[in-house]
There are 2 protein chains.
Amino acid sequence: MTNPASVDNITLFVALICVCIVIGHLLVENKWTNESTTPLFLGLCSGVVILLSSGGTNSRIFEFDEQLFFIYLLPPIIFNAGCKVFNRNAEYWLFGDQGLSRYAVHPCIAIDPPVFQLEQFFRLQILYTPCSILFGEGVVNDATSVVLFHAIQKYDLSDINVKTAFQFGGTFLFLFTTSTLLGVSVGLLSAFIMKKLHPGRHSSDREMALMILMAYLSYMMAELFDLSGILTAFFCGLVMSHYAWHSMTDGSKVATRHAFATFSFICEICIFLYVGMDALDLEKWNFVSSCPAKSVGMSALLLGLVLIGRASFVFPLSFISNLTKKSTSYKLNLKQQVIIWWAGLMRGVVSMTLAYNQFTRFGHTQQQANAIILTSTMTVVLFSTMVFGLMTKPLVRLLMPPPILNRNVLSSEPSSPNTLPLLHSSQDPESDTEHEDIHRSASLSRILSTTSNTIHRYWRKYDDRYMRPLFGGREVVHPVPASSTNNDSQ
Amino acid sequence: MTNPASVDNITLFVALICVCIVIGHLLVENKWTNESTTPLFLGLCSGVVILLSSGGTNSRIFEFDEQLFFIYLLPPIIFNAGCKVFNRNAEYWLFGDQGLSRYAVHPCIAIDPPVFQLEQFFRLQILYTPCSILFGEGVVNDATSVVLFHAIQKYDLSDINVKTAFQFGGTFLFLFTTSTLLGVSVGLLSAFIMKKLHPGRHSSDREMALMILMAYLSYMMAELFDLSGILTAFFCGLVMSHYAWHSMTDGSKVATRHAFATFSFICEICIFLYVGMDALDLEKWNFVSSCPAKSVGMSALLLGLVLIGRASFVFPLSFISNLTKKSTSYKLNLKQQVIIWWAGLMRGVVSMTLAYNQFTRFGHTQQQANAIILTSTMTVVLFSTMVFGLMTKPLVRLLMPPPILNRNVLSSEPSSPNTLPLLHSSQDPESDTEHEDIHRSASLSRILSTTSNTIHRYWRKYDDRYMRPLFGGREVVHPVPASSTNNDSQ
């Protein structure tokens with residue numbers, strides 16, 4: 001009926017994903033592992049089996065297909081990342097003030113598996129806020145790095161001068177701006193359609209399908225115009241969850257959020273499984289084995305750059321953030337800064353797909369240099385995910401005071417799942433000046449929030465007066481605490 | 001980044017699906033159209049545009065890819081069909097006794113678009129029950145026809161005798177039984193995992209992902225073993241929604257149901273859009289134009305066979321069904337029988353995919369006979385969907401008495417969204433003997449229900465005593481009317 005080879009492969013791969021999910025569930029109580037470790041490890045195991053059964057010629061169930069990765073697997077992950085920035089807000093709104101602010105292990109948290117484990121540490125042991133910082137900058141970093149990567153591809157790096165550096169800057173800004181604008185436009189268009197037509201009135205499938213397809217369309221349009229699909233999908237997700245999501249029926253709201261998160265989850269497992277299997281591909285390692293020093297050097301260099309690169313902005317930004325805080329209890333101490341630095345060291349899906357896309361053809365390469373870059377990237381991903389990932393819990397335990405002490409800190413901050421400034425603004429549109437000290441916590445977003453205070457106030461007024469009536473947005477339906485959302489419908 | 005040609009095509013295709021959804025929504029108030037008409041018509045329009053812009057060489061955005069159809073688009077449709085049999089029950093349970101039984105246009109109905117329009121006629125104008133009959137036999141028919149088709153492919157039809165006829169019967173029974181058993185087994189395995197491990201405890205993504213992937217795995221395994229994936233996925237969906245679905249967290253329940261329905265909806269639109277575009281493929285029509293009489297004859301023959309085939313079991317079965325009814329108010333009158341006959345005449349997705357798969361290679365054929373069968377199938381699908389579909393509303397108006405009269409009939413039947421016997425049994429497990437007259441309505445399922453009464457009672461006892469404790473199942477959480485579900489947890 002269908003091509004037997006591909007049916008074989010897909011069946012085996014789907015079965016492996018199922019096994020991953022079950023093992024991942026069984027290991028979840030053991031917080032030493034994280035979501036990415038299981039598929040990576042299972043991928044490695046399957047790689048060994050395939051390698052042995054194929055007599056050392058192959059270690060993968062199927063070949064790398066950039067179309068599969070970039071057209072089907074990556075968009076849900078990126079779009080979901082954009083949505084999550086506001087979903088956090090949505091949870092807050094749906095489940096009321098009590099769920100998140102009391103830092104209880106609330107079921108609504110369960111929809112966020114990629115950062116779930118990490119978040120749990122933070123929620124239980126230190127401030128909630130650092131997770132929001134980690135999360136917020138994680139997705140923006142991914143998107144920005146992809147745009148940088150796109151921009152730099154257009155230049156010959158062996159002949160770089162001031163002029164090409166300026167040109168590169170211009171290309172970067174152009175790509176960043178146009179990709180963002182495209183994402184925002186498609187997001188607003190979908191919000192407008194949802195607000196004016198209310199497709200959910202007749203069929204909730206229709207509104208969910210429209211949300212999914214418009215998001216996907218934004219990504220594909222960006223790819224079509226040679227922009228950054230990742231940045232576009234991210235901002236489309238952001239705008240959709242700020243406007244369009246609120247025009248949906250209640251059932252669809254829950255369903256859309258879950259569906260996006262689930263598909264992102266499945267796609268991430270797929271990519272990690274593939275990376276695990278591909279890590280045993282002898283073809284690449286054969287190239288590398290002829291110059292082991294170069295390969296080890298490259299891996300160490302990349303790992304070092306990751307460590308230094310992250311340190312070079314986490315610590316200075318934390319310092320600036322601390323300067324703006326009046327109370328010491330809101331300041332990020334060195335231990336917290338180390339945790340924030342550490343938690344962003346794990347490289348994953350986006351790094352690997354970029355490496356595959358740039359340095360291989362259908363997962364194969366015949367050039368030594370490409371093979372070395374690819375195997376080094378793989379080493380960094382495997383090492384950072386498995387070693388750094390496993391070390392996170394002991395590190396948090398080592399650096400942070402026992403939970404009982406921190407619970408007191410937590411209880412002094414009743415209602416601030418503080419994420420990005422835009423989110424923060426949508427949560428308490430008018431009250432930030434009056435309740436500033438209560439509503440702000442020690443977070444990287446605070447410095448942004450403080451410096452752009454006036455801009456935000458104008459943006460909120462503009463949003464409430466012009467954007468929300470046109471594109472929809474959060475309305476207060478359930479009774480919520482007076483301090484957070486009752487001014488929203490003004 | 002990705003193959004530009006495919007990005008073009010996918011972007012255009014996704015944009016077309018979005019347009020379809022918006023137009024479909026705008027046309028929904030106009031009940032002359034149905035869900036399939038919009039994509040078919042839009043596909044035809046796009047076909048004209050592509051045909052003109054390509055100078056008559058091509059009418060499609062992309063070529064038919066059997067892998068795309070059979071591995072990605074068909075499984076969600078079939079699996080959702082299996083789920084819907086119980087989802088109806090789920091809605092009943094979630095929204096209480098009032099929603100469906102009062103036959104109001106309740107929002108919970110909105111999750112069922114493929115039969116939504118038709119259902120609305122029936123709900124508003126005649127009995128609710130005939131829809132359940134239509135729906136129930138629709139999916140079983142599809143699955144059975146696929147198995148028959150599979151079985152008959154193995155025989156040389158030019159040399160048929162008693163022995164091969166028996167062999168054919170044996171093959172059919174073998175395929176039917178093994179496919180069903182595989183679906184049931186995978187469904188039970190997923191239910192067992194969900195019941196024992198409760199993956200939703202830590203992450204609702206994990207349980208949703210597991211449901212989706214296990215369902216997909218059942219389909220792929222059936223294809224791998226040369227069984228009928230359609231039948232397997234249907235029964236897997238049926239078992240999952242009877243057992244596994246109830247072990248999920250509340251949010252995931254809603255989300256899974258919506259996600260399955262939405263993906264089924266999107267896949268259906270994809271296939272209809274493709275069929276609309278492919279209907280203008282000149283390659284096939286060139287073969288046909290050399291023998292127009294043969295082609296017209298074939299189309300007429302197929303259409304005639306559809307009409308006769310459906311009549312030959314709707315009317316006799318209705319007759320038998322009526323024989324078992326004591327009260328005339330429960331009997332299906334001739335007009336209702338005509339509606340049931342009529343509503344099943346529309347051919348769609350499954351017919352087209354089978355024709356493409358058997359008679360083309362990537363959507364192309366060089367044999368006249370194949371081209372004729374394909375164009376005739378297409379004619380039947382287009383004609384039945386568009387002409388029969390558009391005639392449904394006038395026909396129902398013509399044959400059925402005005403709504404006011406029927407509302408009285410409806411109000412005498414307070415609580416029976418009567419679907420398949422298994423569903424019916426799960427709804428009122430012990431009460432059917434006491435409340436028989438209230439709970440049974442004039443339906444085809446009644447004859448099954450009546451004749452297999454004893455078997456059902458034993459099955460229910462077995463289900464409650466052995467299956468549900470092991471695989472999970474509906475528990476009574478909300479207060480429900482005494483007559484329907486309070487004995488359920490025994």
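What counts and how
- Residues numbered from 1 in each chain as written.
- Chains lettered and ligands numbered in written order.
- Predicted model: local features only at pLDDT ≥ 70, side-chain atom pairs only at ≥ 80, totals over all residues.
- Heavy atoms only, no water.
- Helix = DSSP H or I, 4+ residues; strand = E, 2+ residues; numbered from the N terminus.
- Buried < 20%, exposed > 50% of the residue type's maximum accessible area, 1.4 Å probe, protein only.
- Contact = heavy atoms within 4.5 Å.
- Areas by Shrake-Rupley, 256 points an atom, 1.4 Å probe, with all protein chains shown as cover.
- Buried area = accessible area lost by both parts, 1.4 Å probe.
- Salt bridge = Lys/Arg side-chain N within 4 Å of Asp/Glu carboxyl O.
- Polar contact = N/O pair within 3.5 Å; in protein donor to acceptor, adjacent residues only side chain to side chain.
- Nonpolar A, V, L, I, M, F, W, Y, C, P; charged D, E, K, R; others polar.
- Least-squares fit on C-alpha atoms with pLDDT ≥ 70 in both.
- pLDDT = per-residue confidence, 0-100.
- Phe/Tyr/Trp six-rings, centres within 6.5 Å; stacked < 30°, edge-to-face > 60°.
- Lys NZ or Arg CZ within 6 Å of the ring centre and 35° of its normal.
- Axes fitted to C-alpha atoms, helices over the stretch in contact; angles between N-to-C directions.
- Parallel < 35°, antiparallel > 145°, perpendicular 65-115°, else oblique.
- Expected span 1.5 Å × (residues − 1).
- Patch = residues over 30% accessible without salt bridge, like charges linked within 9 Å, V, L, I, M, F, W, Y side chains within 5 Å.
- Left-handed = near helix turned anticlockwise from the far one by under 90°.
- Disulfide = S-S within 2.5 Å.

A.B. asks: Break down the overall build of chain A for me, with residues and values.
C.D. replies: Of the regular secondary structure elements, chain A holds 19 helices and zero strands. Counting only residues that meet the buried cut, chain A has 59% of its 490 residues in that class. For chain A, the share of sequence-separated contacts (at least 6 apart) that also reach a separation of at least 24 residues comes to 79%. When the accessible area of chain A is evaluated, it comes to approximately 19,400 Å², of which 68% is carbon and sulfur surface.

A.B. asks: Go over the interface of chain A and chain B, please, and point to the residues and values.
C.D. replies: Taken together, the contacts link 64 residues of chain A with 64 residues of chain B. Together chain A and chain B conceal approximately 5,800 Å² of surface at their shared face, both sides included; 73% is due to carbon and sulfur atoms. Inspection of the region where chain A meets chain B yields zero salt bridges. At the junction of chain A with chain B, the criterion picks out four residue pairs in polar contact (both at pLDDT 80 or more). Elements supplying a minimum of two residues to the side of chain A that touches chain B: α1 (4-27), α3 (66-101), α4 (113-125), α6 (162-197), α7 (204-224) and α9 (250-278) of chain A. Residue contributions to the side of chain A that touches chain B peak at 15 residues, all from α7 of chain A. Of the residues in the side of chain A that touches chain B, the class split is 39 nonpolar, 16 polar and nine charged.

A.B. asks: How would you summarise the relation of the copies chain A and chain B if you had to cite specific residues and measurements?
C.D. replies: Rotating chain A by 180° about the axis while translating it 0.0 Å along that axis superimposes it on chain B, leaving an RMSD of 0.1 Å. Each copy turns onto its partner about a two-fold axis. Looking at the rotation axis and the C-alpha trace of chain A, the residue lying nearest is A255 of chain A, at 1.9 Å. Looking at chain A, 100% of its interface residues are interface residues in chain B too, so the copies touch through the same face.

A.B. asks: Can you lay out the environment of S145 of chain A for me, pointing to particular residues and giving the numbers?
C.D. replies: Residues and elements named next belong to chain A. On the secondary structure map, S145 appears in helix α5 (residues 129-153). A relative accessible area of 32% places S145 in the partly exposed class. For the pair S145 and L231, spaced 86 residues apart in sequence, the C-alpha separation works out to 9.7 Å.

A.B. asks: How would you sum up the confidence of the model for chain A? Please name residues and give values.
C.D. replies: Residues and elements named next belong to chain A. Residues with a pLDDT of 70 or more make up 68% of chain A, whose mean pLDDT is 70. When pLDDT is averaged over each helix and strand of chain A, the minimum, 33, is found for helix α16 (residues 421-427) and the maximum, 90, for α7. Every residue in residues 403-442 is under pLDDT 50, and counting partners more than four places away or in other chains gives 108 contacts. Scored as a whole, the predicted complex attains pTM 0.74, and scored at its interfaces, ipTM 0.72.

A.B. asks: Give me the lowdown on the pattern of salt bridges, citing residues and values where you can.
C.D. replies: As a working rule, side chains carrying opposite charge can pair if their charged atoms are close by. Residues and elements named next belong to chain A. This structure, assessed with the given rule, holds six salt bridges over all chains. The salt bridge partner of K253 is D250, with a shortest N-O separation of 3.9 Å. Taken together, the residues K253 and D250, both in helix α9 and three residues apart, mark about one turn of the helix. By sharing partners, the salt bridges in this structure join D463, D464 and R468 into a single network.

A.B. asks: Describe the side chain of T180 of chain B, and please don't skip the residues or the numbers.
C.D. replies: Structurally, T180 of chain B can be placed in helix α6 (residues 162-197). What T180 of chain B contacts, discounting residues up to four positions off in sequence, is L231 and F235 of chain B.

A.B. asks: Describe in detail the packing of aromatic side chains, supporting the description with residues and values.
C.D. replies: All names here are of chain A. Counted under the stated rule, the structure contains 21 aromatic pairs over all chains. Aromatic pair Y462 and Y466: ring centres 5.4 Å apart, planes at 45°, arrangement tilted. Here Y462 and its partner Y466 are both found in helix α19 (residues 453-471), four residues apart, which amounts to about one turn of the helix. Put simply, the rings of F315, W341, W342, F383 and F388 pair up and form one aromatic cluster. Positioned above the aromatic ring of W245, the side-chain terminus of K253 is 5.5 Å from the ring centre.

A.B. asks: So, the packing of helix α12 (residues 334-343) of chain A against helix α14 (residues 368-399) of chain A: which residues are in play, and what are the values?
C.D. replies: All names here are of chain A. Two elements in contact, α12 and α14, have axes whose closest approach is 11 Å; the angle formed by their N-to-C orientations is 170°. Classified by the angle between their axes, α12 and α14 sit roughly antiparallel to one another. Mapping the contact onto sequence places K335, V338, I339 and W342 in α12 and F388, M391, T392, L395, V396 and L399 in α14. Class assignment for the residues of the contact of α12 with α14 results in eight nonpolar, one polar and one charged.

A.B. asks: Explain unusual backbone geometry residue by residue, including any values.
C.D. replies: Backbone geometry places H198 of chain A, a non-glycine residue, at a positive phi of 45°. Position of H198 of chain A among the secondary structure elements: in the loop between α6 and α7.

A.B. asks: Account for α9 of chain A, naming residues and giving values.
C.D. replies: Here α9 of chain A spans 42 Å end to end across 29 residues, near enough to the 42 Å set by a 1.5 Å rise per residue. With 26 of 29 residues buried, α9 of chain A is to be regarded as a mostly interior element.

A.B. asks: Kindly report on the environment of C270 of chain A, identifying the contributing residues and their values.
C.D. replies: Residue and element names in this part refer to chain A. Position of C270 among the secondary structure elements: in helix α9. Classification of C270 by relative accessible area gives buried; the value is 11%. For the pair C270 and M352, spaced 82 residues apart in sequence, the C-alpha separation works out to 12 Å. Leaving out residues up to four positions away in the same chain, C270 has contacts with F13, I17 and L73.

A.B. asks: For a nonpolar patch on the surface, give the residues involved together with the corresponding values.
C.D. replies: All names here are of chain A. On the surface, L317, F319, I320 and L323 cluster together to form a nonpolar patch covering roughly 390 Å² of accessible area. With respect to the helices, strands and loops of the structure, I320 is situated in helix α11 (residues 292-324). Owing to a relative accessible area of 39%, I320 belongs among the partly exposed residues under this scheme.

A.B. asks: Please provide a residue-by-residue account of the packing of α6 of chain B against helix α7 (residues 204-224) of chain B, values included.
C.D. replies: Residue and element names in this part refer to chain B. Two numbers describe how α6 lies on α7: the axes approach to 9 Å, and their chain directions differ by 160°. The angle between α6 and α7 places the two elements in the roughly antiparallel class. Note on packing geometry: the crossing formed by α6 with α7 is right-handed. Note on element contacts: α7 touches α6 through E207, L210, M211, M214, S218, M221 and A222, opposite L182, V186, L189, S190, I193 and M194. Of the residues that constitute the contact of α6 with α7, the class distribution is 10 nonpolar, two polar and one charged.

A.B. asks: Before we move on, can you summarise the state of the cysteines with the specific residues and values?
C.D. replies: All names here are of chain B. Across all of its chains, the model carries zero disulfides over all chains by this definition. Summary of cysteine pairing: C18 is not part of a disulfide, and the nearest cysteine sulfur, belonging to C20, is at 9.3 Å. With a relative accessible area of 5%, C18 lands in the buried category.

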